[in-house]
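Understanding the architecture of this molecule
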Amino acid sequence: MYSIGIDSGSATTKGVLYDGEKIIDKVIVPTGANPRRAMEAIYDKLYRENAYTVTTGYGRALLKVADKQVTEITCHGKGAAFLDNQISAIIDIGGQDSKVILLDRDKNIKDFLMNDKCAAGTGRFLEVIMRLLQEDLCDFDDYVSGASGTKISSMCAVFAESEVVSLLAQDVSGPSVAMGIIESISQRTANFAKKLPIDGKVFFSGGLAQIESIRKTMEKELGLEMTTHEDAQFAGAIGAAVIGYQHMSRK
Amino acid sequence: MTIRKDLPSIFDDFSEARRNGFMAAKNFKETDRPMIGTFCTFMPQEIPLAIGAATVSLCATSDETIEAAEKDLPRNLCPLIKSSYGFGKTDKCPFFYFSDLVVGETTCDGKRKMFEMMGEFKPVHVMQLPQGPDQQHAHLVWKDEIILLKETIEKQFNVTITEEQIKETISIKNRERKALKEFYELGKLNPPAISGMDILKVLYGSTFKFEKEDTINELTELTARVKEEYVAGKKLESKPRILVTGCPIGGVTDKLVKAIEDNGGVVVFYENCMGAKAIEDLVDESNEDVYDALAEKYLKIGCSCMSPNKARFEMLGRAIDEFQVDAVVEAVLQACHTYAIETATVKDFVNNKKNKPYISVETDYSTSDIGQLNTRMAAFIEML
Ligand code: SF4
Ligand code: SF4
């Protein structure tokens, strides 16, 4: 028995094939302008006869052959708990939004918060600033190594951008500005997360999670241990596959 | 005499009421009776009703005139205030147009200052709503304000309002409240008899019907019909039962109810202003002092503008138990401070005193957040 989980995100679409114990295959493709086609391509690649397919993410309604749709919140929670069963919460900083998910003892979703109104708490903010600094996000750890952050006081990504321009004009170094942005995103995210009774070990996912210096800053702001996993970006798809498998075995 | 219609078409009649409200308002005015525009459930309808006037809610629920309003008002203001002001200013709202007098209250900061500006182009009477609803002095102030409203109306329409007339309208309003209450208490049925959307259609639509006796009869008949069919076996599937609370919703905010019911829940109770908030408590008909009785009833409304606001939590607690609620959804309009701040207390109350899940969503009068609302509601209901 197999299940397929497909997560249609705004930037990339991810899919995994699951056999009830482990992930046996995974695929990631850019979503591009046609999320439906991206999902179909993944489905074709992972196809197994009678596999139960669950879709999640923004485009979850688009794949006609899917057996079930589940929201990204539920899938993300399940998937993260699959990758690390010691966690009790998840913080995800995505390109478009950020979310905080609390799990109960049985790793079901207990509560969640979503922020999709403000760019300053998302990966988009860092992206914009890095473009301004003409630096690549991939080498971020090297770039900021040893730098201490400059305080960025603007509450809004658009104003912060002009604040950064004037900081650079005052000869504040690029790495120090970049660290300042990270501290600002981390503070904002930590304050947001603390609206829920967050505790225990926290799973960090989203594009920024793989960057060591960002995870460290988040840990400091939150005052809790944070872990991640190399497959963190597949958490949604994994959760979808796990839910699909449970559904299938219950029948 | 009445042609028996099927339930869905009765529900649609109610939701048509607002659309047809324009004609109803016009017909009403042609009978030479005044129309009073209101913004809030604190307004004691018994007073205008005593001169045979109709009251109509001017709380706009569409973003059509927000741009026009932003010429005068700050951007970062609740959409209800902006759009209501905008409809008044642009004269696009027929109800506003037909209103001979607009009555406002000093509820939230945004509204009270907006009324001052509205007074520039429309006859506006503002009632000074006191704080501390349990205090004796608040009661006296509010009673005085009700008498002042009576005097304003007497002067403007050149009539005298007697206490006998008010007694009569108190009794009519009480009967209307009872009819509405019996209707929304259908929400107690488990499995449900009707959807939350149908409940909303009726609650919202009934505020645009101007002949009270007719409305009472229609409501009573409707409730009886639903019960009859329920007994005969017409039941809906059991689903997680949701209580909706927060800012006034209706009109465009249908989108929230739709998001809940499209994603596997059913709304069984509305605590907001469109719902039970102002309907639950009756005016004491045994009190000989009508103004005293009115002041007592209206100060009991559990609005977040009030401090302290114990009444809201009493009603929430009772409704969660009596309607066998599984979870609470709160809608907060963008930039509404009082409700936004109170979400923390409501969440704590619902999670920790009632042990039920709670979610609050911020929304506005646009349709741009329907996708996000759907995801949030679906995830919330998956959690139950
Ligand atoms: S929410 Fe409060 S201020 Fe608004 S209409 Fe209701 S009672 Fe009035
Ligand atoms: S929703 Fe809030 S801000 Fe808007 S009018 Fe009502 S109380 Fe005031």
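Criteria and thresholds
Residues numbered from 1 in each chain as written. Chains lettered and ligands numbered in written order. Predicted model: local features only at pLDDT ≥ 70, side-chain atom pairs only at ≥ 80, totals over all residues. Heavy atoms only, no water. Helix = DSSP H or I, 4+ residues; strand = E, 2+ residues; numbered from the N terminus. Expected span 1.5 Å × (residues − 1). Buried < 20%, exposed > 50% of the residue type's maximum accessible area, 1.4 Å probe, protein only. Contact = heavy atoms within 4.5 Å. Near = heavy atom within 4 Å. Nonpolar A, V, L, I, M, F, W, Y, C, P; charged D, E, K, R; others polar. Domains from an automatic or database assignment. Buried area = accessible area lost by both parts, 1.4 Å probe. Salt bridge = Lys/Arg side-chain N within 4 Å of Asp/Glu carboxyl O. Polar contact = N/O pair within 3.5 Å; in protein donor to acceptor, adjacent residues only side chain to side chain.

1. Topic: helix 8 (residues 235-250) of chain A
All names here are of chain A.
- Helix length check: helix 8, at 16 residues, gives a terminal C-alpha distance of 22 Å against a target of 22 Å (1.5 Å per residue), a fit within 8%.
- Summarising burial for helix 8: 12 of the 16 residues are buried, a large majority.
- Among all positions of helix 8, only Ala235, Gly236, Ala237, Ile238, Gly239, Ala240, Ala241, Val242, Ile243, Gly244, Tyr245 and Met248 are buried.
- Where helix 8 is buried, its residues contact strand 1 (3-8), strand 2 (12-18), strand 3 (23-30), strand 4 (52-57), strand 5 (68-69) and helix 2 (72-83).

2. Some points on the site of ligand 1
- Near ligand 1, the surroundings consist of Phe39, Cys40, Thr41, Phe42, Thr107, Lys111, Pro248, Cys273, Cys303, Cys305 and Tyr339 of chain B.
- The class makeup of the residues in the shell around ligand 1 is eight nonpolar, two polar and one charged.

3. With respect to the environment of Lys99 of chain A
All names here are of chain A.
- Structurally, the position occupied by Lys99 is in strand 7 (residues 98-103).
- Along the primary structure Lys99 and Gly223 are separated by 124 residues, whereas in three dimensions their C-alpha atoms are 18 Å apart.
- Not counting chain neighbours up to four residues away, the residues in contact with Lys99 comprise Glu72, Ile73, His76, Ile90, Ile91, Asp92, Leu113, Met114 and Phe192.

4. Details of the domain arrangement of chain B
All names here are of chain B.
- Assigned domains of chain B: these are domain 1 (7-162) and domain 2 (164-383).
- The centre of domain 1, based on its C-alpha atoms, is set 21 Å off from the matching centre of domain 2.
- In this complex, domain 1 contributes 56 residues to the contact, which on the side of domain 2 involves 56 residues.
- Of all residues in domain 1, Phe11, Phe14 and Glu46 give up the largest surface area on contact with domain 2, accounting jointly for 17% of the area buried on that side.
- Between Arg177 and Glu46 there is a salt bridge, and its shortest N-O distance comes to 3.0 Å.
- Our count for the contact surface shared by domain 1 and domain 2 stands at 16 residue pairs in polar contact (both at pLDDT 80 or more).
- Listing elements by their share of the side of domain 1 that touches domain 2, those giving two or more residues are helix 1 (7-30), helix 2 (46-49), strand 2 (54-57), helix 4 (79-90) and helix 7 (136-157).
- In terms of residue count, the dominant contributor to the side of domain 1 that touches domain 2 is helix 1 (12 residues).
- Here the residues of the side of domain 1 that touches domain 2 are counted per class, giving 32 nonpolar, 16 polar and eight charged.

5. Concerning the site of ligand 2
Residues and elements named next belong to chain B.
- Residues in close proximity to ligand 2 include Cys78, Ile81, Cys108, Lys111, Cys247, Cys305, Leu333, Cys336 and Thr338, which together make up its full environment.
- When grouped by side-chain class, the residues that make up the shell around ligand 2 number seven nonpolar, one polar and one charged.
- Counting the residues that make up the shell around ligand 2, at least three belong to each of domain 1 (7-162) and domain 2 (164-383).

6. Concerning the interface of chain A and chain B
- Listed by partner, the interface residues are 16 residues for chain A and 14 residues for chain B.
- Overall, the association of chain A and chain B removes approximately 1,200 Å² of surface from exposure, summing both partners, and the carbon and sulfur fraction of that is 51%.
- Here Lys347 of chain B makes a salt bridge to Asp111 of chain A, at a shortest N to O gap of 2.5 Å.
- Inspection of the chain A/chain B interface yields four residue pairs in polar contact (both at pLDDT 80 or more).
- Mapped onto the side of chain A that touches chain B, the elements with two or more residues apiece are helix 2 and strand 8 (109-115) of chain A.
- In terms of residues, the side of chain A that touches chain B owes the most to one element, strand 8 of chain A, which gives six residues.
- Looking at the side of chain A that touches chain B, its residues break down into six nonpolar, four polar and six charged.

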